Amino acid sequence: METADARRLFFALWPDDGVRAQIRSAAQALIPQQAKAVPGDNLHITLAFLGTVAGPVRVCLERAAAAIRLPGFTLRLDRCGYWRRPRVVWLGAEPAPAPLLALVRVLAAGMVDCGLEPERRPYQVHLTVARKARRAVREGAIEPIEWPVERFCLVQSLTLPEGAVYRVLQSWPLAAGNATADA
């Protein structure tokens, strides 16, 4: 439950408009008719889900994020898949680039330093493009989408009657480490 001080947060990769358009175009051919496409403004790759976080923990997480000094990289989305249990269609990368996995590890260490428990399951790079899909899509290779990753973000998740809305709160460039406030 969110309060004025506590927010539901996650770290993510946020595509620019050009990459977002490529993702939407690829997704249109993959999404089963009955499935619900993820709104274009919500397309992202989660790096670490933080849960509902109070102000002091958020400050700790922001400091940890600002201290990250990792290089930018290119993420090549080249796979599509379907997870039956949550009924989602996703795009992913195989293999996941080493710099992406390094970023996930460093963020997990920052979570521990700030008193949070990171996800125990192995990280799977995926970008959800549809929900409530009652049937599988053709899984496998897709025409690759090259995503130059130059920053990562802290994002707030708001659950509204019309669905989830994500708001980028802050972002940090890779390799430079200086934060830019987006809200």
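Check the entry above for the structure.
All values derive from a computational prediction rather than experimental measurement. (Residues numbered from 1 in each chain as written. Predicted model: local features only at pLDDT ≥ 70, side-chain atom pairs only at ≥ 80, totals over all residues. Heavy atoms only, no water.)

A description of the state of the cysteines should follow, citing residues and the corresponding values.
Following the criterion strictly, the structure yields 1 disulfide and no others. Here Cys60 is linked by a disulfide to Cys114, with a sulfur-sulfur distance of 2.1 Å. Between Cys60 and Cys114 the sulfur-sulfur dihedral comes to about -85°; the bridge is accordingly left-handed. Highlighted residues: Cys60 in helix H2 (residues 55-66) and Cys114 in the loop between helix H3 (98-113) and strand S6 (126-131), separated in sequence by 54 residues. Note on Cys114: relative accessible area 11%, which makes it buried. Looking at Cys153, it has no disulfide partner, and the nearest cysteine sulfur is the one in Cys114, 18 Å off. The buried category is assigned to Cys153, whose relative accessible area is 4%. (Disulfide = S-S within 2.5 Å. Helix = DSSP H or I, 4+ residues; strand = E, 2+ residues; numbered from the N terminus. Buried < 20%, exposed > 50% of the residue type's maximum accessible area, 1.4 Å probe, protein only.)

Describe the sheet that holds strand S7 (residues 140-149), with residues and values.
For sheets, the rule is that strands pair by backbone hydrogen bonds, running either parallel or antiparallel. Spatially, the 5 strands line up as an open sheet ordered S2-S6-S5-S4-S7, and their pairing is antiparallel. Bordering the open sheet on either side are strand S2 (36-37) and S7, each of which pairs with just one other strand. In the sheet, strand S5 (residues 88-92) pairs with S6 via 4 bridges, with the strands oriented antiparallel. Within the sheet, the bridge partner assigned to Leu91 lies in S6 and is Leu127. Across the sheet, helix H1 (residues 17-30) is in contact with strand S4 (73-83), S5, S6 and S7; its angle to S7 comes to roughly 165°. (Pairing = 2+ DSSP bridges. Contact = heavy atoms within 4.5 Å. Axes fitted to C-alpha atoms, helices over the stretch in contact; angles between N-to-C directions.)

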